[in-house]
Amino acid sequence: MYFRDIFGLEEVKRTLIHAVEHNHVAHAQLFAGEEGSANLALALAFARYIHCENKGEYDSCGTCASCSKMDKLVHPDLHFVMPASSTTKISKPLSQDFLKEWRDFALNQPYNTITDWLALIGAESKTPSISAEESRKIVSTLSLMPFESENKILLIWLPEYFNITSANALLKALEEPPAQTLFFLVSEKPEKMLITILSRLQRIRVRPFHDEEVSSFLEQKYQIDSPKAKQIAHLAEGNMHKALTLMQEVEDDNHTLFRDWMRLCYQRDYKGIYSNTEEFGKMSKEGQRNLLQYGLNMCREALVWKYGGESLVRLDNHSMQFVQGFSKTIGEHNIQRFYQILNDAMLHLDRNANAKIVFFDTSLQISGVIK
Ligand SMILES: [Zn+2]
């Protein structure tokens, strides 16, 4: 995670970088932001920046030895603590038992929630906590000297899950901080933490995202088209987790619609095509465009699958399955024509042609192309 991966929040980034430049980084900081905010993302980007051996004006270098370890979150001077719960495999879990899962979570889903985290470690519907055993582990970790950097960083995700015993151990560590140690506490509900702990922390308020920040993120990172990205951003109300979930739902719907549509075309099931067309006609204009756009994306992925191999396709399982099948009907001989048909359909919709006619006509043309 780099600062540049986080869309917006420039004011917070400036404050953090300024603190490093002026050598007054507080030894214990609270990244406080609601669910779906960039609190974890910022703490990770800041940890990278602090460890970076060749810091730039706005971000870490990305090439030094430290940065390359941060790419995988395996820097020896970055320690993690997060809530956990017993699973079928581990009855008294510590954070270190889930380091592999955590790295995946923090690297790929930094906007996800505690519910997602528990699901990932196989502890769905359990009550998470940070145990007293964990606190003892923290104290022994902190007694170590930094290995490679000037400071070691302990990042605690969701410290509101400390129980009273473990919280007191943390408090003690904060009161008598070991040398060369930085505490980053990343919280969604600081009001649930002990006041004595809060008073030891310098608070960094991480506001919810602005709508434009969410929509640019979706557009640039996920190639969502602008009107749809704006619509999702509006519904997400600054919560990036919600935005990503909504995006996934829209994708899932489009997937089912497009898959079923292509099957009808392939089977030349004209009766089915007709009733399908009626349904498409009832969708919003936005929805109709998105469906066609999804079709174009699938087309591209099918080609990549065919000529580039599995590793280049970035899809979830059910889309992947479809793409494998679809790539049998799409190839050099018809891809250009297929693209053209879908593009023309979009063009006609934009010019306010009757949607039912456009979709029916498009279906017939596709039937002729995929054999
Ligand atoms: Zn670097």
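Residues numbered from 1 in each chain as written. Predicted model: local features only at pLDDT ≥ 70, side-chain atom pairs only at ≥ 80, totals over all residues.

1. Examining the overall build of the protein chain
When helices and strands are counted, the protein chain shows 16 helices and five strands. Here the C-alpha coordinates of the protein chain stretch approximately 75 × 45 × 35 Å along the principal axes. If you take every contact in the protein chain between residues at least 6 apart in sequence, the share linking residues at least 24 apart comes to 73%. (Helix = DSSP H or I, 4+ residues; strand = E, 2+ residues; numbered from the N terminus. Contact = placed C-beta atoms within 7 Å.)

2. Topic: the environment of S319
As for its placement among the helices and strands, S319 is situated in helix 14 (residues 317-326). S319 sits 60 residues away from R259 along the chain, and the two C-alpha atoms are 9.1 Å apart.

3. A closer look at the sheet that holds strand 1 (residues 28-32)
Spatially, the five strands line up as an open sheet ordered 2-3-4-1-5, and their pairing is parallel. Here the strands that pair on one side only, and so sit at the sheet edges, are strand 2 (78-81) and strand 5 (202-205). Pairwise comparison of adjacent strand axes, ignoring direction, gives a mean angle of 20 degrees for this sheet. The pairing of strand 2 with strand 3 (residues 152-157) spans four bridges and is parallel. (Pairing = 2+ DSSP bridges. Axes fitted to C-alpha atoms, helices over the stretch in contact; angles between N-to-C directions.)

4. Side note on helix 6 (residues 132-142)
Side chains of residues three or four places apart in an α-helix project in the same direction, reflecting 3.6 residues per turn. Taken as a whole, helix 6 has its buried residues at E134, S135 and I138. Buried residues of helix 6, seen end-on, are gathered within an arc of 100 degrees and therefore sit on one face of the element. Buried residues along helix 6 sit in contact with strand 2, strand 3 and helix 7 (164-175). (Buried ≥ 20, exposed ≤ 12 C-beta atoms within 10 Å, placed from the backbone. Arc of directions from axis to C-beta.)

5. Structural notes on the environment of F183
Within the secondary structure, F183 sits in strand 4 (residues 181-187). Expressed as a C-alpha distance, the spacing of F183 and L118, which sit 65 residues apart in the sequence, is 23 Å. Every residue in contact with F183, bar those within four places of it in the chain, is listed here: H27, A28, Q29, L154 and L174.

6. Focus on the environment of V74
Tracing the backbone shows V74 in the loop between helix 3 (65-71) and strand 2. Considered as a pair, V74 and L99 are 25 residues apart in the sequence and their alpha carbons are 9.6 Å apart.

7. Considering helix 15 (residues 335-350)
Here helix 15 is 16 residues long and its end C-alpha atoms lie 23 Å apart, about the 22 Å a rise of 1.5 Å per residue gives. Elements in contact with the buried residues of helix 15: helix 13 (285-307) and helix 16 (355-369). Once helix 15 finishes, N352 follows within two positions and takes phi at roughly 65 degrees, a positive value. (Expected span 1.5 Å × (residues − 1).)

8. So, the domain arrangement of the protein chain
Partitioning the protein chain into domains gives domain 1 (3-208) and domain 2 (213-369). Look at where the C-alpha atoms of domain 1 and domain 2 centre, and you get two points 39 Å apart. The partner domain 2 presents nine residues to the eight residues of domain 1 that form the contact. In the side of domain 1 that touches domain 2, the residues fall into three nonpolar, four polar and one charged. (Domains from an automatic or database assignment. Nonpolar A, V, L, I, M, F, W, Y, C, P; charged D, E, K, R; others polar.)

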